[in-house]
Amino acid sequence: MTSEELVAQFESEGAIVVPNVLARSQIDVLKSELELAIAEDIDARPDVFDKGMVHNCMFRGKAMASVLENQIMNEYLARLLSPTSIIYAYQSSSAPPGASNYGGRIHVDSPRFIRGYRTNLGVIFPLDDFTEENGGTLYCKGSHKREELPQEEEFYERVSVITCSAGDMIVFDARLAHATGVNRTSEARHALTINFCRSYMRQRFDFCRMAEAQQEHIKALNLDGKRLLGMNVRMPVSLSEFYLPESERLYKPGQG
Ligand SMILES: O=C(O)CCC(=O)C(=O)O
């Protein structure tokens, strides 16, 4: 499919798979960073409601941060949301053997419905092939155009399953009703999932403040990576910061 056809499919169905966005060598590193982060989090907070989900993945590994620089992803973001988009949340979605996960309930990733206007866009990077057996993403085609969520009966009657390869990129409208499928295999099914929003919206965490205490790889992110963290729309905390010269301004002009 051409990118024009993919965009048309996205608008009508609410989700598309863009093939071969991550390299095989990248996937292996991403998976080991993610598995380490999952183990650390389960050790530190064994009883949380979303156990197994890693939050703020860009701060948990260099490869997971470098995903933000991906050119194909940034092109789709510019086209389907905005060239000044920022991250709302960057987390993982792993379906352990024999189960689903916190994303297994039917849900949307944005509580706002504004007809004809998108506030959030979702991207999933499967780190394992998504199959019907290991829990591909379930969704209800076209549901992003509706204000009310389909009830369970309708959802499962009309359900489609996204199956694709590790390294592909799933892009979906954050108003699409979807759910993580059940993993009926004996191996974990890993994925990274990023929710992007418009530049004037608030992020789930204060990523820019968090980034101050971060490793060199965060400081070394390219312009796309820094923008996605929210570095172009920071608020001054004093008049001295407000009157900084243009090149050092915290809230950059032209951010939409
Ligand atoms: O892992 C999946 O299949 C779905 C992830 C999900 O529900 C989400 O990103 O909101």
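Located above this text is the structure these notes cover.
In short, a report on the structure. (Residues numbered from 1 in each chain as written. Predicted model: local features only at pLDDT ≥ 70, side-chain atom pairs only at ≥ 80, totals over all residues. Heavy atoms only, no water.)

1. Comments concerning the overall build of the chain
In step 1: Summing up its helical and strand segments, the chain has 9 helices and 8 strands in all.
In step 2: Relative to the compact-globule value of 18 Å for 256 residues, the chain shows a C-alpha radius of gyration of 18 Å, a close match.
In step 3: Principal-axis analysis of the C-alpha atoms gives the chain an extent of 60 × 45 × 35 Å.
In step 4: A buried classification covers 50% of the 256 residues belonging to the chain.
In step 5: Within the chain, contacts between residues at least 6 apart in sequence are counted, and of these 81% link residues at least 24 apart.
In step 6: Split by element, the accessible area of the chain, about 12,800 Å² in all, is 52% carbon and sulfur.
In step 7: Taking the average location of the 28 positive side-chain charges in the chain and that of its 35 negative ones, the two points are 5 Å from each other. (Helix = DSSP H or I, 4+ residues; strand = E, 2+ residues; numbered from the N terminus. Rg over C-alpha atoms; globule rule 2.2 N^0.38 Å. Buried < 20%, exposed > 50% of the residue type's maximum accessible area, 1.4 Å probe, protein only. Contact = heavy atoms within 4.5 Å. Areas by Shrake-Rupley, 256 points an atom, 1.4 Å probe, with all protein chains shown as cover. Lys, Arg positive; Asp, Glu negative; His and termini not counted. Charge placed at Lys NZ, Arg CZ, Asp CG, Glu CD.)

2. Re helix α2 (residues 24-44)
In step 1: Helix length check: α2 (21 residues) gives 31 Å between terminal C-alpha atoms against 30 Å at 1.5 Å per residue, within 8%.
In step 2: Within α2, the full set of buried residues consists of Ile-27, Leu-30, Glu-33, Leu-34, Ala-37, Ile-38 and Asp-41. The arc that holds every buried residue of α2, seen down its axis, measures 140°, which confines them to one face. Exposed residues pointing more than 90 degrees away from the buried face of α2 are listed as Ser-25, Leu-36 and Asp-43.
In step 3: Packing partners of the buried residues in α2 comprise α3 (62-66), β2 (86-92) and β8 (191-197). (Expected span 1.5 Å × (residues − 1). Arc of directions from axis to C-beta.)

3. Quick look at the site of the ligand
In step 1: Neighbouring the ligand are Ser-93, His-107, Asp-109, Ile-124, Thr-137, His-178, Thr-180, Arg-189 and Thr-193.
In step 2: The contact in question runs from an oxygen atom of the ligand to an N or O atom on the side chain of Asp-109, over 2.7 Å.
In step 3: Take Thr-193: an N or O atom from its side chain is 2.7 Å from an oxygen atom of the ligand.
In step 4: Against a free-state accessible area of 300 Å², the protein chains account for coverage of 94% of the ligand.
In step 5: Looking at the shell around the ligand residue by residue, the class counts come to 1 nonpolar, 6 polar and 2 charged. (Near = heavy atom within 4 Å. Polar contact = N/O pair within 3.5 Å; in protein donor to acceptor, adjacent residues only side chain to side chain. Nonpolar A, V, L, I, M, F, W, Y, C, P; charged D, E, K, R; others polar.)

Any link to function would need more than the numbers given here.
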